[in-house]
Amino acid sequence: MSDNRVELSLSELGEGELTQVTVGGEPVCVARTGGKVYAVADQCSHVQIPLSDGSLEGRQVVCPWHGAMFDLETGRPTCGPATEPVKCYAARVEGDVIVVED
Ligand code: FES
């Protein structure tokens, strides 16, 4: 398996939860919310805090440090202080597995 592709069991990530995986050597935040899975770079674009330590608000991840929010579909900040987007990764469910790819 390429290290640009990571799989985790769907049972490892409950609805409303966040976790960190490594894709291509980079930390990636995987989120399960609204019956879908998303993956974005696991570093807030404000001060590089892991977003996987934050929380979910609908389809947005909330940074645990200063509360910036990022749309998980686009990576764009929807609430400051962050102004730059975070990178989005491809994420999907295949059977009972979550696949994340760069
Ligand atoms: S480190 Fe994320 S909002 Fe400041």
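Refer to the structure printed above.
Because the structure is predicted, anything quoted here is derived from the model rather than measured.

(A) Representation of the sheet that holds strand β5 (residues 55-57) in the model. With antiparallel pairing, 4 strands are arranged side by side in an open sheet as β5-β6-β7-β8. Of all strands in the sheet, those bounded by a partner on one side alone are β5 and β8 (77-79). Each strand axis lies, on average, 35° off the axis of its neighbour in the sheet, ignoring direction. Direction of pairing for β5 relative to strand β6 (residues 60-62): antiparallel, over a ladder of 3 bridges. The residue bridging Ser-55 from the neighbouring strand is Val-62, located in β6.

(B) Structural context of the nonpolar core. In this structure, Val-28, Cys-29, Val-30, Ala-39, Val-40 and Val-100 are the most contacted members of the largest nonpolar core, which totals 26 residues. Mapped onto this core, the elements with two or more residues apiece are β2 (17-23), β3 (26-33), β4 (36-41), β7 (69-71), β9 (88-94) and β10 (97-101). Dropping the residues within four chain positions of it, Val-100 is found in contact with Val-6, Val-21, Val-23, Val-28, Val-30, Ala-39, Tyr-89 and Ala-91.

(C) Representation of unusual backbone geometry. The peptide bond linking Gly-80 to Pro-81 adopts the cis configuration, its omega dihedral lying at 15°. Structurally, the position occupied by Pro-81 is in the loop between β8 and β9. At Gln-48, a residue that is not glycine, the phi angle is positive and equals roughly 50°. Residue position: Gln-48 is located in the loop between β4 and β5. Its 12 C-beta neighbours within 10 Å are what place Gln-48 among the exposed residues.

Rules used in this analysis
Residues numbered from 1 in each chain as written. Predicted model: local features only at pLDDT ≥ 70, side-chain atom pairs only at ≥ 80, totals over all residues. Pairing = 2+ DSSP bridges. Helix = DSSP H or I, 4+ residues; strand = E, 2+ residues; numbered from the N terminus. Axes fitted to C-alpha atoms, helices over the stretch in contact; angles between N-to-C directions. Core = buried A, V, L, I, M, F, W, Y, C linked by C-beta atoms within 7 Å. Buried ≥ 20, exposed ≤ 12 C-beta atoms within 10 Å, placed from the backbone. Contact = placed C-beta atoms within 7 Å.

Just geometry here; none of it tells us what the structure is for.
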